Protein chains: 2
Amino acid sequence: MMTDSTETLTHTLVDLENRRIVQANLTVADGKIGRIDILRELSLSEASGTPCVLPGFVDAHVHVESSMLTPAQFARMAVRHGTVATVSDPHEIANVLGIAGIEFMLESARAVPLKIHFGAPSCVPATAFESAGACLDASAVAALLARPDIHYLTEVMNFPGLLAGDADLAAKVSAARLLGKPIDGHAPGLRGAEAARYFSSGPTTDHECTTLDEALDKIAEGAHILIREGSAARNFDALHPLLRSHPARCMFCSDDKHPDELLVGHIDRLVARAVALGHDLFDVLDVACVNPVKHYGLNVGMLRIGDPADFIEIADLASFRVLRTWIDGNLVAENGTTLFDVPTSRPINRFECRPQPIEAFAIAASALPANVIVARCGQIVTGRMSALLTARDGLAVASIERDLLKIAVVNRYNPDAPPAVAFIHGFGLRRGAIASSVAHDSHNIIAVGVNDLDLMNAINAVLAERGGLSAVDGGRRAVLPLPVAGLMSDLSGETVSTQYQLLDTMAREMGCTLRAPFMTLSFMALLVIPELKLSDLGLFDADAFRPVGLYD
Amino acid sequence: MMTDSTETLTHTLVDLENRRIVQANLTVADGKIGRIDILRELSLSEASGTPCVLPGFVDAHVHVESSMLTPAQFARMAVRHGTVATVSDPHEIANVLGIAGIEFMLESARAVPLKIHFGAPSCVPATAFESAGACLDASAVAALLARPDIHYLTEVMNFPGLLAGDADLAAKVSAARLLGKPIDGHAPGLRGAEAARYFSSGPTTDHECTTLDEALDKIAEGAHILIREGSAARNFDALHPLLRSHPARCMFCSDDKHPDELLVGHIDRLVARAVALGHDLFDVLDVACVNPVKHYGLNVGMLRIGDPADFIEIADLASFRVLRTWIDGNLVAENGTTLFDVPTSRPINRFECRPQPIEAFAIAASALPANVIVARCGQIVTGRMSALLTARDGLAVASIERDLLKIAVVNRYNPDAPPAVAFIHGFGLRRGAIASSVAHDSHNIIAVGVNDLDLMNAINAVLAERGGLSAVDGGRRAVLPLPVAGLMSDLSGETVSTQYQLLDTMAREMGCTLRAPFMTLSFMALLVIPELKLSDLGLFDADAFRPVGLYD
């Protein structure tokens, strides 16, 4: 800890501003870089293989909630990987708890040194097709944006709304512009004239590109591209050529980082991959350390005199193995051990539903083919197929042989809403059911199972904990409680990661053929194409709680 | 801790001997079960949902080395899952270090309460087709078997040798019989008259059954069947019907349990799965807790008066979530936390090889098709194909497009032996190389890569640590050092698990399409059919270091 002291050490230092590597005496005083006395310049080959000091890494877009850890526990894991700051959208908790949820995130983050920069969520609720727990209208968002601890307007995912001139959304964008705060974009697949209109109406970034062409198109329209590689979407392989063609227009982000993968690495791994691919060291480090700081105007040091003393020491410029991390001059992590304590938080939640009876999941048999959701391994976008369902005693039942299982969503914000129930192909479960209250973006309880009893028990197990993940196979049950908003745990990353892996293991033991059963489950409620007509769905009562996931 | 004290507690207790559940006062005195005062009998439904006390779980066949943890560190993880004892074959370290390796295992295990019962390895070296580090002949094995801390003769995997009357093997079997110590079998696929002869010549168990028919055949010949579900082979789904038809003839085992999976669970998970499948609770617990104790004559308690006080408390009789574990009356784990310290061990190793030059991996081009090893996702048995290799400058080189990569094995017991080099299909790497000194059963260094430079660097990275796993992608490198025999680490299970997962993640980032890249790599040297003719191999000089893995 050196906040109040002055300390000078000789390091091999990556000077990003001048694109060089130097041997220098680095003096830290009062949490800031006091002096950098350069002894000599080193060639890249002289510096290879030796520990180096450089600015810390920034994740330019990460939903902390997806780690299933509170911000403080997230910080404890992230600093080990050299992350000194994030730009974070509290969209998930805001969909559950509105402003109170955002306050929780801010408070949890204040207790730890990691510089988590929260924004005002632009799209709560995320969709009109599913019930969320809160609504943040333009005046609520404007009030948030006016706060000094709210740094930007988060991903404008309702791009059709922005293009169509939705008044409430336009007011949010105006508020951000007026306050001079950046506006994040989110426009998967948008191209040409529509992309031009989108990026001229406020958003300056996009993290949804899946092809190089799409990214180049958006760069031409002025967008900064966040190259995303997380637990859900993985676009690094498609987009890394941008690091050569447009390094000044790129940042790295993970978007969603599940607990097991956060344990293993963070932005440090993308840096190592990019350098191994032959990209220029200084370009890659600008993308990882500098561009987000400049774009979002973060109070994060870039290892210049007078900057906050946020920096890291790595083992070498190839592995980028993080040895130590400093934030505001304090050593916060060393060799995989975090050096600060994480205070316990007071959980906050919203869970207004009752245990479901088994009858709630019954669907009358029909002689007509039904629409069936198709889950795809490793993908969060669903497909659709048509199938004649198996009937028994007048009811439509799952067919394990054909992998036609039941999927249900229970509204957790309205105890009187009946569950939405449909059929899904692709999970491959041969026994039992799995359930989750992490269910983007409204975070109702979603479950897939081979029979109504296990389906009910899996859902009710989540309900009993007021949020979490569960796997139920007859009497055999495993639950990961997520008492904070039904999204996060207050336990350590190691504990949550182990429990999360146990649940995925159990789902596979029950026959699930997906690479990541619970990740896939959590995205089955995601609204992919908002224009869907409910009348297409066949199985549902459109006036009851809205069904989910049937969007190609 | 209650070794020297007397403590009485009221529990719901599973009385396996009398196949009932009772409310009882349990008195532990001096590490033994002092009294059991039964208050009343409970029905299964009365006991459901409440914590229960029962005997601890036994893994009836596990190579501790496969956890990549020393026995003491293995114990620290296993007791959290309710494991109180194992039957363990130190076959892997014996192949590297002979008797000295076995001594290391015994010493490490003595420092912790888990009752690890080691045997005398019957088949060191495992094969004549690859160079191992040691040879245990009949007199060495007989001397081992005479020791009180050596409990059985381990898996007689050279079943053709036993059937053919191999004199050295017959002498080992005789020594075990003379001393009245059990003999473990290992005879994959053996059926009919040959199975009858095998099981009448000494072995009394088999853990290699992959189908129910095979198991029933072997049971008819007198064998006890170990239902195996580990990180490599997974036979539970195929064999669980034996729990109904022949519960008295079954035990559970994992054989190989890698660090990431040991973190998540052990025999506790098999018990929960079996009970969820509807198998009788008492039968399943006999299989998990009692049968191995009786078969191997272990000094492990079965919760009877006078027994060592080895028992566990679980959350309920469906999840089998382990709350607490006692061994010899001492509470050794509670709610996922281990309550004993693990002393540091003095690493022991044998690594006699030099860094390899890049030329060592060159193969001259040929106009003829070459034999190519085929790795299969999730399987340890290799296949074979024939392919015309890509030639460049007179050399045969990898083809990323056709997934024809180089595989090399470097002899770690003879610094003058040239590497064996061949081609392999199925790994899917598009960049870099991965290497491992865990390479069943001789544990030379095995590596797969897309070019000779990365292949050399991956191998030399393992060599520099005198054992371990490595992934190399140009300058980007990750290494998990395994300084104990090139097989194990002295670090905690949590640390080793995270590093192991990082390596698998990196292999996948480099394009590997296998479910478990390093597990698969470690088995590519496994001798599957010993009758193979080396002249079939084509690419190799049969007099040089022996090639591996080319066995269909």
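Residues numbered from 1 in each chain as written. Chains lettered and ligands numbered in written order. Predicted model: local features only at pLDDT ≥ 70, side-chain atom pairs only at ≥ 80, totals over all residues. Heavy atoms only, no water.

Some details on the overall build of chain A
Here comes step 1: Summing up its helical and strand segments, chain A has 16 helices and 26 strands in all.
Here comes step 2: For a compact globule of 552 residues, the expected C-alpha radius of gyration is about 24 Å, and chain A comes in at 24 Å, within 12% of that figure.
Here comes step 3: C-alpha extents for chain A along the principal axes are approximately 85 × 50 × 40 Å.
Here comes step 4: Classification of the 552 residues of chain A by burial places 64% in the buried group.
Here comes step 5: Across chain A, contacts joining residues at least 24 apart in sequence account for 69% of those joining residues at least 6 apart.
Here comes step 6: Counting every atom, chain A has about 18500 Å² of accessible surface; 52% of that belongs to carbon and sulfur.
Here comes step 7: Seen as two clouds, the 45 positive and the 65 negative side-chain charges of chain A have centres 1 Å apart. (Helix = DSSP H or I, 4+ residues; strand = E, 2+ residues; numbered from the N terminus. Rg over C-alpha atoms; globule rule 2.2 N^0.38 Å. Buried < 20%, exposed > 50% of the residue type's maximum accessible area, 1.4 Å probe, protein only. Contact = heavy atoms within 4.5 Å. Areas by Shrake-Rupley, 256 points an atom, 1.4 Å probe, with all protein chains shown as cover. Lys, Arg positive; Asp, Glu negative; His and termini not counted. Charge placed at Lys NZ, Arg CZ, Asp CG, Glu CD.)

Topic: the pattern of salt bridges
Here comes step 1: Per the stated rule, a full pass over the model turns up 65 salt bridges over all chains.
Here comes step 2: Put simply, D416 of chain A and R354 of chain A hold a salt bridge, and the shortest N to O gap is 2.8 Å. With a gap of 62 residues between them, D416 of chain A in the loop between strand 21 (404–410) and strand 22 (420–425) and R354 of chain A in the loop between strand 16 (337–338) and strand 17 (370–374) connect regions that are remote in the sequence.
Here comes step 3: The exposure class of D416 of chain A is exposed, given its relative accessible area of 60%.
Here comes step 4: Judged by relative accessible area, which is 45%, R354 of chain A ranks as partly exposed.
Here comes step 5: Connected through salt bridges with shared partners, the residues E229, D237, R269 and R273 of chain A together with R431, D473, R476 and E509 of chain B form a single ionic network. (Salt bridge = Lys/Arg side-chain N within 4 Å of Asp/Glu carboxyl O.)

Let's talk about helix 13 (residues 281–296) of chain A
All names here are of chain A.
Here comes step 1: Taking 1.5 Å of rise per residue, 16 residues should cover 22 Å, and helix 13 covers 22 Å from first to last C-alpha, within 8% of that figure.
Here comes step 2: At V290, helix 13 shows its maximal kink, close to 45 degrees; a proline, P292, follows between one and four residues later.
Here comes step 3: Counting buried positions over the 16 residues of helix 13 gives 15, a clear majority of the element.
Here comes step 4: Here helix 13 starts with a cap whose side-chain oxygen sits 3.0 Å from the backbone nitrogen of F282, and that cap is D280.
Here comes step 5: Within two residues after helix 13, G297 carries a phi angle of roughly 60 degrees, on the positive side. (Expected span 1.5 Å × (residues − 1). Bend = angle between axes of the 7 residues up to and from the residue. Polar contact = N/O pair within 3.5 Å; in protein donor to acceptor, adjacent residues only side chain to side chain.)

Looking at the packing of helix 4 (residues 138–145) of chain A against helix 6 (residues 167–178) of chain A
Residue and element names in this part refer to chain A.
Here comes step 1: One way to put it is that helix 4 packs onto helix 6 with a least axis distance of 9 Å and a crossing angle of 15 degrees. Here helix 4 lies roughly parallel to helix 6, going by the angle between them. In this structure, the crossing between helix 4 and helix 6 has a hand that is right-handed. In this structure, helix 4 contributes A138, V141, A142 and L145 to the contact, and helix 6 contributes D168, A171, K172, A175 and A176.
Here comes step 2: Across the contact of helix 4 with helix 6, the residue classes break down as 7 nonpolar, no polar and 2 charged. (Axes fitted to C-alpha atoms, helices over the stretch in contact; angles between N-to-C directions. Parallel < 35°, antiparallel > 145°, perpendicular 65-115°, else oblique. Left-handed = near helix turned anticlockwise from the far one by under 90°. Nonpolar A, V, L, I, M, F, W, Y, C, P; charged D, E, K, R; others polar.)

A short note on the relation of the copies chain B and chain A
Taken together, a rotation about one axis and a shift along it account for how the two chain copies relate.
Here comes step 1: Superposing chain B onto chain A takes a rotation of 180 degrees plus a shift of 0.0 Å along the axis, which leaves an RMSD of 0.0 Å. Taken together, these values place the two copies in the relation of a two-fold axis. In terms of proximity to the rotation axis, the leading residue of chain B is E494 of chain B, whose C-alpha is 4.0 Å off the axis.
Here comes step 2: Taken together, the interface assignments show that 100% of the residues at the interface of chain B recur at the interface of chain A, consistent with an identical surface on both copies. (Least-squares fit on C-alpha atoms with pLDDT ≥ 70 in both.)

Some remarks on the environment of V79 of chain A
All names here are of chain A.
Here comes step 1: Within the fold, V79 resides in the loop between helix 2 (71–78) and strand 6 (83–88).
Here comes step 2: Here the alpha-carbon distance between V79 and E334, two residues 255 residues apart in the chain, equals 9.1 Å.
Here comes step 3: Residue contacts for V79: discarding those within four places in its chain leaves L114, T325, I327, V332, A333, T338 and F340.

Here we look at the interface of chain B and chain A
Here comes step 1: With 20 residues of chain B in contact, the opposing surface of chain A contributes 20 residues.
Here comes step 2: When chain B packs against chain A, close to 2000 Å² is buried across both sides, 53% of that on carbon and sulfur atoms.
Here comes step 3: Of all residues in chain B, V264, R269 and R476 of chain B give up the largest surface area on contact with chain A, accounting jointly for 27% of the area buried on that side.
Here comes step 4: Counting every contact that joins chain B to chain A gives 4 salt bridges.
Here comes step 5: A salt bridge links E509 of chain A to R273 of chain B; the shortest N-O distance between them is 3.7 Å.
Here comes step 6: Linking chain B with chain A are 4 residue pairs in polar contact (both at pLDDT 80 or more). (Buried area = accessible area lost by both parts, 1.4 Å probe.)

As for the sheet that holds strand 11 (residues 224–228) of chain B
All names here are of chain B.
Here comes step 1: Strand order in the open sheet formed by 3 strands is 10-11-12, and the pairing between neighbours is parallel. Bordering the open sheet on either side are strand 10 (205–206) and strand 12 (250–253), each of which pairs with just one other strand.
Here comes step 2: Note that strand 11 and strand 12 share 4 bridges and pair parallel. Looking across to strand 12, one finds that I227 is bridged to F252. (Pairing = 2+ DSSP bridges.)

Thoughts on the confidence of the model for chain A
Residue and element names in this part refer to chain A.
Here comes step 1: Summarising the model, chain A shows a mean pLDDT of 90, and 94% of its residues fall at 70 or more.
Here comes step 2: Per-residue pLDDT stays below 50 along residues 527–552; that stretch engages in 66 contacts with residues further than four places along the chain or on separate chains.
Here comes step 3: Listed scores for the predicted complex are pTM 0.83 and ipTM 0.71. (pLDDT = per-residue confidence, 0-100.)

A word on the pairing of strand 24 (residues 445–449) of chain A
Residues and elements named next belong to chain A.
Here comes step 1: In terms of burial, strand 24 is largely enclosed, as 5 of its 5 residues are buried.
Here comes step 2: Covered by surrounding structure in strand 24 are I445, A447 and G449 together with I446 and V448, the residues of both alternating faces.
Here comes step 3: As paired strands, strand 21 and strand 24 are joined by 5 bridges and run antiparallel to one another. Bridge pairing in strand 24 links A408 to A447.
Here comes step 4: Examined bridge by bridge, strand 23 (residues 433–436) and strand 24 share 4 bridges and lie antiparallel to one another. Looking across to strand 24, one finds that A433 is bridged to G449.

Some points on the sheet that holds strand 7 (residues 115–118) of chain A
All names here are of chain A.
Here comes step 1: Spatially, 5-6-7 is the arrangement adopted by the 3 strands of the open sheet, whose pairing is parallel. Every other strand in the sheet has two partners, leaving strand 5 (57–59) and strand 7 as the edge strands with one partner each. Averaged over all pairs of adjacent strands, the angle between their axes in this sheet comes to 15 degrees, without regard to strand direction.
Here comes step 2: In this sheet, strand 6 lies alongside strand 5 in parallel orientation, the contact comprising 3 bridges. If you follow V58 over to strand 6, its bridge partner there is A85.

Thoughts on the side chain of E229 of chain B
Residue and element names in this part refer to chain B.
Here comes step 1: With respect to the secondary-structure elements, E229 resides in the loop between strand 11 and helix 9 (236–239).
Here comes step 2: E229 sits in the buried class, given a relative accessible area of 12%.
Here comes step 3: Here the side chain of E229 touches R273 through a polar contact of 2.9 Å, side chain to side chain.

Considering the nonpolar core
Here comes step 1: F57, F252, L285 and F427 of chain B are the most contacted members of the largest nonpolar core, which has 152 residues in total.
Here comes step 2: Top contributing element to this core by residue count: helix 13 (residues 281–296) of chain B, with 10 residues.
Here comes step 3: Ranked by size, the runner-up nonpolar core spans 149 residues in total, among them A75, L136, L162 and L243 of chain A. (Core = buried A, V, L, I, M, F, W, Y, C linked by side-chain atoms within 4.5 Å.)

Concerning unusual backbone geometry
Leaving glycine aside, a negative phi is the common case for residues, and trans is the common case for peptide bonds.
Residue and element names in this part refer to chain B.
Here comes step 1: The residue after V124, namely P125, is reached through a cis peptide bond having omega 0 degrees.
Here comes step 2: Among the secondary structure elements, P125 is positioned in the loop between strand 7 (115–118) and helix 4 (138–145).
Here comes step 3: In this model, H440 is joined to D441 through a cis peptide bond whose omega is -5 degrees.
Here comes step 4: Even without glycine at this site, D393 takes up a positive phi of about 50 degrees.
Here comes step 5: Counting through the fold element by element, D393 comes out in the loop between strand 19 (390–392) and strand 20 (395–397).
Here comes step 6: Given a relative accessible area of 76%, D393 falls into the exposed group.
Here comes step 7: Phi at H443 is positive, roughly 60 degrees, even though this residue is not glycine.
Here comes step 8: By the secondary structure assignment, H443 is in the loop between strand 23 (433–436) and strand 24 (445–449).

Section: the side chain of E214 of chain B
Residues and elements named next belong to chain B.
Here comes step 1: Mapped onto the secondary structure, E214 falls in helix 8 (residues 212–220).
Here comes step 2: Residue E214 is classed as buried on the basis of its relative accessible area, which comes to 4%.
Here comes step 3: There is a polar contact of 3.4 Å between the side chain of E214 and the backbone nitrogen of T210.
Here comes step 4: Apart from the residues within four sequence positions on either side, E214 is in contact with A187, P188, G189, L190, R191, E208 and C209.

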